[in-house]
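Single-letter residue listing:
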Amino acid sequence: MKQLFVTPNRCTACRNCEVACSFVHTSDPTVLAFPRVRAYAISENTNTVNLCLQCDDAACKKSCPVEALVWNAKTGALEVDLGRCIRCLMCTIACPFGNIHFDKRTNEIAKCDLCQGDPACAKFCPTLALEYAEKPSPDPKPGEVKPLPPIPWMLFTGKQSR
Amino acid sequence: MHLTSPEALKRLKSQLVRQRKENKSVITVCAGTGCVACGCAAVSAAFREALKENHLEEKVEIKTTGCHGFCERGPLVVMRPEGIFYQRVKPADAKQIVEKTIKQGKVIEKLLYRDPQTKQLLTYEKDIPFYNKQERLIFGMNGHMDPTSIQDYITLGGYQALGRVLVSVHPDEVIEEVKKSGLRGRGGGGFSTGRKWASCRQAEGEPKYIICNADEGDPGAFMDRSLLEGNPHAVVEGMIIGAYAIGSHDGYVYVRNEYPLAVKNLNIALAAAREYGLLGADILGSGFSFDITVSRGGGAFVCGESTALMASLEGKIGEPRAKYIHTVECGLWEKPSTLNNVETWANVPTIIEKGADWYRKIGTENSKGTKVFALTGKVNNTGLVEVPMGIPLREIIFDIGGGILDGRAFKAVQTGGPSGGCLPESALNLPVDFDTLTEAGSMMGSGGLIVMDDRTCMVDVAKYFIHFLLEESCGKCVPCREGLRQLHEMLEEISRGEGGVGTLDGIERLCSVMEQGSLCALGRSAPNPVMSTLRYFRDEYLAHLEAHRCPAGVCKALINYSVIEENCTGCVVCKRACPAEAITGEKNQVHKINSEICTRCGICLAVCKFDAILVE
Amino acid sequence: MQLTIDKRSVVARKGEYLLEVAQRNGIEIPALCHHPAVEPWGGCRLCMVEITHPDWKGWTGLVTACLYPVQDGLIVSTDTKKVHQVRAGVLDLLLARCPGSSLIQNLARQYGIEETSFTPRKAPDLCILCGLCIRICEKIGASAISSIGRGVEKLVSVPYETVATAACVGCLSCANICPTGAIAFSESEHCRTIWSRNFELVRCEECKAVIGTPEQLEHFARRSGLDRSYFTKCDSCRNREAAARFVRVTF
Ligand SMILES: Cc1cc2nc3c(=O)[nH]c(=O)nc-3n(C[C@H](O)[C@H](O)[C@H](O)COP(=O)(O)O)c2cc1C
Ligand code: SF4
Ligand code: FES
């Protein structure tokens with residue numbers, strides 16, 4: 001099964017992943033969704049992203065009183081059943097990594113769902129800091145030039161490539 | 001005594017029958033709730049005293065029995081074996097009865113019952129019309145035994161059906177027999193008892209539960225109470241047979257909290273049955289075990305509804321739930337459960353004892369056996385009557401009931417409890433059975449029969465029942481809770497003469513929503529009192545709405561009290577009685593009622609001896 | 001198994017209810033007392049549908065979709081005349097009960113009702129007695145509220161209609177699930193108030209954002225089996241911290 005891999009030393013904190021994530025999870029273009037992935041500049045030379053680890057023994061799932069967090073067997077993602085969710089927000093407090101959020105604007109719990117098996121964050125990461133693959137790819141050799149992915153707002157114009 | 005086989009039970013019976021000396025005199029004093037209220041305990045005590053004085057304690061037995069049904073005439077005393085029937089007996093009469101009737105064999109006329117129609121004095125119980133039109137299959141035993149004595153019940157043949165079933169009849173055959181008998185539930189729905197048992201037997205899941213519904217919440221109904229008080233063993237035996245047939249080992253009796261005597265007698269019966277090896281582990285040495293727990297109800301009408309009852313038994317709020325999955329499959333604690341009414345259970349031993357073929361002969365095509373009714377209202381003989389299914393309403397009201405009180409005109413009879421319907425004169429010849437009553441817009445219900453005379457306003461009656469239901473609706477579902485609120489509001493309007501004819505259309509529309517939309521049968525049948533009165537007495541509604549009149553002179557906003565000058569003698573009785581001080585007039589002068597102050601309480605009408613008060 | 005809803009063939013699993021199956025297939029059935037988080041209840045009677053079956057010899061019945069178990073071959077119609085009549089009747093009654101609820105107003109309007117044809121309740125509140133709050137409170141394991149009284153007198157409250165007892169953890173789940181917004185609560189700088197009881201507020205150790213009441217966090221920690229230390233910070237602060245830790249670990 002494919003997984004999302006993070007390689008911090010490739011991350012430039014460009015936050016394309018956040019924008020992409022927000023875009024794909026938005027149903028009303030006037031209300032942008034809360035990004036499930038966050039990019040941070042930790043110090044001058046260190047950047048990274050943080051996103052849901054899809055823990056086996058997930059604290060968010062344990063804290064939910066109504067079993068609204070359910071495994072998607074196809075993608076391996078732990079998804080929120082928004083119909084079931086009662087907005088008690090305990091999952092957002094319980095996650096030790098802060099990776100499950102409450103989106104006030106949409107009144108929904110925002111959590112990485114691996115975009116149903118095609119995560120946008122990885123697709124739009126220009127440096128392969130985020131990859132959706134069986135295993136992470138090796139660092140590029142010096143001089144090797146990789147084609148840049150499109151910028152995330154292409155998502156709205158429908159022109160997707162790569 | 002612990003009986004370990006049906007043979008032992010048979011031997012005990014023969015022994016008891018032998019012991020009961022031939023022709024020994026028995027004074028049976030009814031100690032049903034009605035007679036208790038009339039002071040029967042003092043009567044029994046007086047008899048005991050009188051027998052002692054005459055040194056007859058050994059020769060004559062006093063038996064305090066369950067309700068005989070003729071509560072109107074209590075306290076009742078029947079001298080057996082002759083069957084001499086004394087009514088309204090006072091403690092002071094005991095001495096005379098012992099001296100005259102027992103010692104000299106003479107009948108005391110002043111205690112006999114006089115037929116109000118023929119004016120004849122009747123000596124024997126069997127000659128009294130109240131009894132002789134009845135068929136007392138279930139209630140017959142009541143007058144012959146002490147409900148707290150298991151030996152009395154066994155002497156009269158009790159538990160023999162159980163004994164036979166346990167050794168020689170397969171459960172499936174028991175169910176077949178009950179199916180064949182045509183027995184239908186007496187609790188209101190009229191569902192085939194045999195079919196219910198069969199589904200429960202076949203349902204998957206263990207354990208299975210047997211429940212007896214003794215919640216009896218209908219105002220005026222008290223047959224289940226009288227059965228539990230007067231013949232609890234019949235109900236217990238029925239339940240054990242049912243448990244054997246279905247394959248259940250746990251039984252419950254859910255008794256209304258307001259029935260302490262029923263609970264007491266039932267507990268005595270259960271203890272005795274356990275002692276005799278008829279209940280508990282290894283019943284009569286057959287290997288079959290079954291026991292019964294008594295549970296006291298929450299005191300709400302809706303707790304009589306099967307799913308609400310089960311919720312209440314589980315200790316939850318007594319609210320109904322949907323029955324798309326039947327309780328025979330998923331009932332008490334989500335296990336297969338059979339719930340039957342007290343009277344239904346009491347029919348079972350008789351059916352097994354006498355056979356389905358015998359039982360089928362009583363009643364109509366689709367309603368077999370007898371039904372006990374609580375006859376009340378404006379009728380001479382109120383009380384419990386047990387009649388074969390199919391008997392015309394007229395016979396119940398006029399022959400058994402002795403006609404309308406004070407010789408007034410019959411107007412309607414309400415059957416089926418609060419959510420039953422009101423039937424007019426034209427329906428009096430209808431045979432009483434489940435289907436006919438339903439077709440006529442009413443229902444059998446648990447067997448309430450309230451007779452109404454011409455001074456009853458049908459709008460007021462409908463309002464009364466809707467008010468009862470309004471207070472008893474559990475409030476879980478919208479059509480019932482909000483519908484009853486609005487229905488009551490609309491009827492209030494009509495009784496004030498407000499609203500137009502359109503109100504009636506509105507009522508009919510609302511009733512249809514309630515019938516189709518409500519969760520349980522309470523809400524679904526709640527429109528009955530309104531729909532049936534609208535069907536048969538629409539004119540009366542229209543009189544309120546169009547002419548602003550209440551023809552029966554009941555609805556306060558539409559009536560006026562005045563003095564009929566020609567009749568008034570100026571006796572000042574009404575003037576003194578009027579709590580609102582609305583009546584003026586000097587002694588020997590014609591009085592006047594001030595309509596502004598008058599609260600329409602009707603006291604003047606009740607006290608006037610000269611028919612000088614006019615209500616219109 | 002296979003059934004037909006509004007002429008569409010849909011697939012269902014044994015043990016499901018009609019409403020779930022319809023919703024999954026995008027077929028809309030109005031429902032007020034239903035929420036997937038709690039057991040179906042059948043109180044509002046709005047989800048009425050008409051059903052029949054090839055084996056039923058033409059017999060049809062009105063049932064509540066939220067509680068009717070699926071059955072192979074069942075034919076369900078969600079918008080017949082009868083269905084419409086009952087739903088309109090129910091909404092008319094609810095509008096008389098809660099004339100001020102915009103949710104009920106909007107639903108009623110969909111069934112052609114602008115104004116109730118009944119007598120509006122005197123001093124109406126917004127509670128339609130759908131029972132969701134009670135059921136969710138029980139579900140989270142608090143059972144702090146219940147219905148009091150019966151019939152038209154019925155209302156939802158805390159025991160004796162006074163102040164919430166210790167059973168209430170102040171989590172606001174009842175207020176959040178209420179479809180009409182009938183459950184009042186307030187939150188100020190230091191205090192959350194619901195069911196007349198005041199709760200202290202616990203704030204994120206870092207950013208001081210409100211994360212709940214002490215009772216609530218305690219309750220959810222106990223209920224989930226997670227250590228109480230899980231419930232001390234808000235998601236944003238945790239997220240940032242975790243990122244830093246992540247970098248430290250990988251380098
Ligand atoms: C509101 C309501 C009240 C009821 N009350 C009683 C009752 O007091 N006693 C009773 O036996 N059945 C009562 N029933 C009927 C029961 O639900 C049930 O049908 C019955 O006990 C089944 O037994 P049966 O088949 O022997 O009649 C009531 C039903 C409803 C809807
Ligand atoms: S019909 Fe009435 S009594 Fe029955 S569930 Fe609905 S509200 Fe309760
Ligand atoms: S949603 Fe089915 S009755 Fe309320």
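Residues numbered from 1 in each chain as written. Chains lettered and ligands numbered in written order. Predicted model: local features only at pLDDT ≥ 70, side-chain atom pairs only at ≥ 80, totals over all residues. Heavy atoms only, no water.

### As for the domain arrangement of chain A
Residue and element names in this part refer to chain A.
Thinking step 1. The domains assigned to chain A are domain 1 (1–52 + 115–162) and domain 2 (55–111).
Thinking step 2. Relative to domain 2, the C-alpha centre of domain 1 lies at a distance of 22 Å.
Thinking step 3. Taken together, the contacts link 13 residues of domain 1 with 15 residues of domain 2.
Thinking step 4. Summing both sides of the interface, domain 1 and domain 2 together bury roughly 1200 Å²; the carbon and sulfur share of this comes to 52%.
Thinking step 5. Broken down residue by residue, the surface that domain 1 buries against domain 2 is led by Phe-34, Arg-36 and Cys-52, which jointly contribute 46%.
Thinking step 6. The interface formed by domain 1 and domain 2 holds 7 residue pairs in polar contact (both at pLDDT 80 or more) in total.
Thinking step 7. Residues of the side of domain 1 that touches domain 2, tallied by class, amount to 9 nonpolar, 3 polar and 1 charged. (Domains from an automatic or database assignment. Contact = heavy atoms within 4.5 Å. Buried area = accessible area lost by both parts, 1.4 Å probe. Polar contact = N/O pair within 3.5 Å; in protein donor to acceptor, adjacent residues only side chain to side chain. Nonpolar A, V, L, I, M, F, W, Y, C, P; charged D, E, K, R; others polar.)

### Here's the deal with the environment of Ala-110 of chain A
All names here are of chain A.
Thinking step 1. The residue Ala-110 is located in strand E7 (residues 108–111) in this model.
Thinking step 2. With 68 residues separating them along the chain, Ala-110 and Ile-42 place their C-alpha atoms 23 Å apart.
Thinking step 3. Those residues within four positions of Ala-110 in sequence are excluded, and the remaining contacts are Phe-34, Arg-36, Asn-99, Ile-100, His-101 and Asp-103. (Helix = DSSP H or I, 4+ residues; strand = E, 2+ residues; numbered from the N terminus.)

### With respect to the interface of chain B and chain C
Thinking step 1. With 30 residues of chain B in contact, the opposing surface of chain C contributes 31 residues.
Thinking step 2. Buried surface at the junction of chain B and chain C, both sides included, amounts to about 2600 Å², of which 59% is carbon and sulfur.
Thinking step 3. The tally of links between chain B and chain C comes to 3 salt bridges.
Thinking step 4. At the junction of chain B and chain C, the tally comes to 13 residue pairs in polar contact (both at pLDDT 80 or more).
Thinking step 5. Among the elements of the structure, helix H18 (458–472), helix H19 (478–495) and helix H20 (502–517) of chain B are those that each provide at least two residues to the side of chain B that touches chain C.
Thinking step 6. Considering every element that reaches the side of chain B that touches chain C, the biggest residue donor is H19 of chain B, with 10 residues. (Salt bridge = Lys/Arg side-chain N within 4 Å of Asp/Glu carboxyl O.)

### Quick word on the site of ligand 1
Residue and element names in this part refer to chain B.
Thinking step 1. Taken together, 19 residues lie around ligand 1, and Gly-187, Lys-196, Asn-340, Asn-341 and Thr-344 are the ones closest in.
Thinking step 2. Here Asn-340 contributes a side-chain N or O atom positioned 2.8 Å from an oxygen atom of ligand 1.
Thinking step 3. Taking Thr-344, its side chain carries an N or O atom lying 2.7 Å from an oxygen atom of ligand 1.
Thinking step 4. When ligand 1 sits alone it has 610 Å² of accessible area, and the protein chains cover 89% of it.
Thinking step 5. Elements supplying a minimum of two residues to the shell around ligand 1: strand E10 (337–341) and helix H21 (521–525).
Thinking step 6. A total of 3 residues in the shell around ligand 1 trace back to one element, the largest contributor, which is E10.
Thinking step 7. Counted by class, the shell around ligand 1 contains 4 nonpolar, 10 polar and 5 charged residues. (Near = heavy atom within 4 Å. Areas by Shrake-Rupley, 256 points an atom, 1.4 Å probe, with all protein chains shown as cover.)

### Considerations on the site of ligand 2
Thinking step 1. Within the structure, ligand 2 sits among 13 residues, and Cys-474, Cys-477, Cys-480, Cys-520 and Gly-523 of chain B are positioned closest to it.
Thinking step 2. The residue inventory of the shell around ligand 2, partitioned by class, reads 8 nonpolar, 4 polar and 1 charged.

### Re the sheet that holds strand E1 (residues 2–5) of chain C
Residue and element names in this part refer to chain C.
Thinking step 1. Taken together, 5 strands build an open sheet; the order of strands is E2-E1-E5-E3-E4 and the sheet is mixed. Edge positions in the sheet fall to strand E2 (8–11) and strand E4 (60–64), since each has one partner strand and no second. Averaged over neighbouring strand pairs, the angle between their axes works out to 35° when direction is ignored.
Thinking step 2. Summarising the sheet, E1 and strand E5 (residues 75–77) pair through 2 bridges and their orientation is parallel. Its bridge partner lying in E5, Ile-5 is registered against Val-76.
Thinking step 3. Sitting on the sheet, helix H2 (residues 81–97) is in contact with strand E3 (48–52), E4 and E5, with an inclination near 155° to E3. (Pairing = 2+ DSSP bridges. Axes fitted to C-alpha atoms, helices over the stretch in contact; angles between N-to-C directions.)

### Focus on the arrangement of the chains
Thinking step 1. Among the 2 pairs of chains that make contact, the interface with the largest number of contacts is formed by chains A and C.
Thinking step 2. For the non-touching pair chain A and chain B, the nearest C-alpha separation works out to 22 Å.

### Here's the deal with the pairing of strand E3 (residues 47–50) of chain A
Residues and elements named next belong to chain A.
Thinking step 1. Both faces of E3 are covered, namely the face carrying Asn-47 and Val-49 and the face carrying Thr-48 and Asn-50.
Thinking step 2. By the bridge criterion, 4 bridges tie strand E2 (residues 38–41) to E3 in an arrangement that is antiparallel. Looking at the pairing, Ala-39 lines up with Val-49 of E3.
Thinking step 3. The turn joining E2 and E3, which pair antiparallel and follow one another in sequence, is formed by 5 residues. (Buried < 20%, exposed > 50% of the residue type's maximum accessible area, 1.4 Å probe, protein only.)

### Regarding H2 of chain C
Thinking step 1. Look at H2 of chain C: 24 Å from first C-alpha to last across 17 residues, which is about the 24 Å you get at 1.5 Å a residue.
Thinking step 2. With 13 of its 17 residues buried, H2 of chain C lies for the most part within the structure. (Expected span 1.5 Å × (residues − 1).)

### Digging into the pattern of salt bridges
Thinking step 1. By the definition in use, this model includes 48 salt bridges over all chains.
Thinking step 2. Across the pair Asp-57 of chain A and Lys-62 of chain A runs a salt bridge, and its minimum N-O distance is 3.4 Å.
Thinking step 3. With a relative accessible area of 57%, Asp-57 of chain A lands in the exposed category.
Thinking step 4. Owing to a relative accessible area of 33%, Lys-62 of chain A belongs among the partly exposed residues under this scheme.
Thinking step 5. Linking Glu-218 of chain C and Arg-228 of chain C is a salt bridge whose minimum nitrogen-to-oxygen distance equals 3.6 Å. Highlighted residues: Glu-218 of chain C in helix H6 (residues 214–224) and Arg-228 of chain C in the loop between H6 and helix H7 (235–250), separated in sequence by 10 residues.
Thinking step 6. Residue Glu-218 of chain C is classed as partly exposed on the basis of its relative accessible area of 39%.
Thinking step 7. Since its relative accessible area comes to 28%, Arg-228 of chain C is described here as partly exposed.
Thinking step 8. Overlapping salt bridges, with partners in common, bring together Arg-20, Glu-61, Lys-63 and Asp-152 of chain B in one network.

### Observations regarding the interface of chain C and chain A
Thinking step 1. With 33 residues of chain C in contact, the opposing surface of chain A contributes 36 residues.
Thinking step 2. Here chain C meets chain A over a buried area of about 2700 Å², counting both sides, of which 66% is carbon and sulfur.
Thinking step 3. Three residues stand out in chain C for area buried against chain A, namely Asp-235, Asn-239 and Phe-246 of chain C, and they jointly supply 20% of the buried area on that side.
Thinking step 4. Our enumeration of links across chain C and chain A arrives at 1 salt bridge.
Thinking step 5. Lys-139 of chain C is paired through a salt bridge with Glu-67 of chain A; the nearest N and O atoms lie 3.4 Å apart.
Thinking step 6. Counting across the chain C and chain A interface gives 9 residue pairs in polar contact (both at pLDDT 80 or more).
Thinking step 7. Of all elements in the fold, only helix H4 (132–139), helix H5 (173–177), H6 and H7 of chain C reach the threshold of two or more residues within the side of chain C that touches chain A.
Thinking step 8. Of all the elements, H7 of chain C adds the most residues to the side of chain C that touches chain A, at 12 residues.
Thinking step 9. Of the residues that constitute the side of chain C that touches chain A, the class distribution is 17 nonpolar, 9 polar and 7 charged.

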